[in-house]
Amino acid sequence: MLTSSDFAQSIAEAARTLYKPRSLDETMQTIVEVACNSVPGFDHAGVSTVEKLGTIETEACTSDLVLRLDAVQYALREGPCSAVLQGTDAVSVSILDHEQRWPRYVPQAREAGVRSQMAVKLFLDDNTLGGISFYSTTSDEVTGDARALAGLFATHAAIALGHAQERAGLTEGLQTRRVIGQALGILMARYDMNEDRAFAFLVRASSHRNIKLRAIAQELVDEANAP
């Protein structure tokens, strides 16, 4: 059983690792690797995010087992991973063989060798970012220590993920403005038009082709830079 000192050290080490500046993809991969190493009893972990249209994607994982079983849960709307993204903060299941709530999911998980499982929601304020899934192929029991550590870890992981998403959004915004600015310059030089008319041209082309403005701008820039 973990002592208070062990708890503090585990969470401190996890937090130091998570808060190092990284890209969004690197942050999510770090989350699953640290989760797998920090929470006792589990040998597989994954992190899923909720997209704008409500779709759920497993963005990073430690094994193909996670990818397969996450996908099964989201498709069937059964299992711990699905439950936390439908509203529950955390779900843990010891001795998966005895679980009666998910009759379609459990046989597939057992066939993959899963003996126990846990999922914890990642959220900031009222905003659900996604969830962390934990799978064990070595232990039937989810201990109280594992549940407590997973909950604390998820808090730090959600903060790190939120910061990474914010940085990614800012970077994308800067790149979008840069590409659109280049496209406007190309149109202004090519057709001897002012900036307002060049921007209106891009907007019309985007609407007519049902393509995002940045994609239209990128096409113009790529065409101009082609040999």
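On a predicted model such as this, the values are computed, not experimentally measured, just so you know. (Residues numbered from 1 in each chain as written. Predicted model: local features only at pLDDT ≥ 70, side-chain atom pairs only at ≥ 80, totals over all residues. Heavy atoms only, no water.)

A. View of the nonpolar core. By size, the foremost hydrophobic cluster in this structure holds 25 residues, and its most contacted members are Val 39, Phe 42, Met 118, Leu 122, Ile 132, Phe 134 and Phe 153. Mapped onto this core, the elements with two or more residues apiece are α2 (24-38), β1 (44-50), β4 (116-124), β5 (127-136) and α6 (144-191). Here this core gets seven residues from one element, more than from any other, and that element is α6. Counting 21 residues, the second-largest nonpolar core is a separate cluster that includes Val 66, Leu 69, Trp 102 and Val 114. (Core = buried A, V, L, I, M, F, W, Y, C linked by side-chain atoms within 4.5 Å. Buried < 20%, exposed > 50% of the residue type's maximum accessible area, 1.4 Å probe, protein only. Helix = DSSP H or I, 4+ residues; strand = E, 2+ residues; numbered from the N terminus.)

B. Local environment of the layout of surface pockets. Its boundaries defined by the atoms lining it, the largest pocket holds a volume of some 370 Å³. Taken together, 15 residues make up the lining of the largest pocket; nearest its centre are Leu 24, Val 50, Glu 51, Lys 52 and Gln 165. Mapped onto the lining of the largest pocket, the elements with two or more residues apiece are α2, β1, β5 and α6. Among the elements that line the lining of the largest pocket, the one with the most residues is α6, at five residues. (1 Å grid on protein atoms, 1.4 Å probe; cavity = no way out; pocket = protein on both sides within 12 Å on 5 of 7 lines; lining within 4 Å. Points joined across faces, edges and corners; volume = space filled by probe spheres on them.)

C. A look at the packing of α6 against helix α7 (residues 195-209). Put simply, α6 and α7 touch, their axes get as near as 9 Å, and they point 110° apart. Taken as axis vectors, α6 and α7 run roughly perpendicular relative to one another. The interaxial crossing formed by α6 with α7 has right-handed handedness. Between α6 and α7, the contacting residues are Ile 180, Ala 183, Leu 184, Leu 187 and Met 188 on the first element and Glu 195, Ala 198, Phe 199, Phe 201 and Leu 202 on the second. In the contact of α6 with α7, the residues fall into nine nonpolar, no polar and one charged. (Axes fitted to C-alpha atoms, helices over the stretch in contact; angles between N-to-C directions. Parallel < 35°, antiparallel > 145°, perpendicular 65-115°, else oblique. Left-handed = near helix turned anticlockwise from the far one by under 90°. Contact = heavy atoms within 4.5 Å. Nonpolar A, V, L, I, M, F, W, Y, C, P; charged D, E, K, R; others polar.)

D. Region of interest: unusual backbone geometry. For Asp 192, which is not a glycine, the phi torsion comes out positive at approximately 50°. By the element assignment, Asp 192 lies in the loop between α6 and α7. Looking at Asp 192, the relative accessible area reads 71%, which means it is exposed. One non-glycine residue, Asn 210, adopts positive backbone phi at about 55°.

E. Seen up close, the pairing of strand β2 (residues 56-61). Bridge count for β1 against β2 is five bridges, and the pairing is antiparallel. Note that in β2 the partner of Gly 46 across the bridge is Cys 61. Counting the residues that bridge the hairpin from β1 to β2 gives five residues, and of these Gly 54 lies at a positive phi of roughly 90°. (Pairing = 2+ DSSP bridges.)

F. A look at the packing of α6 against helix α8 (residues 213-225). Running from N to C, α6 and α8 cross one another at 55°; their axes reach a closest spacing of 8 Å. On the basis of the axis angle, α6 is oblique to α8. The interaxial crossing formed by α6 with α8 has left-handed handedness. Residues Glu 172, Gln 175, Thr 176, Val 179, Ile 180, Gln 182, Ala 183, Ile 186, Leu 187 and Arg 190 of α6 touch α8, and the partners they reach there are Leu 213, Arg 214, Ala 217, Gln 218, Leu 220, Val 221, Glu 223 and Ala 224. Among the residues making up the contact of α6 with α8, the classes are represented as 10 nonpolar, four polar and four charged.

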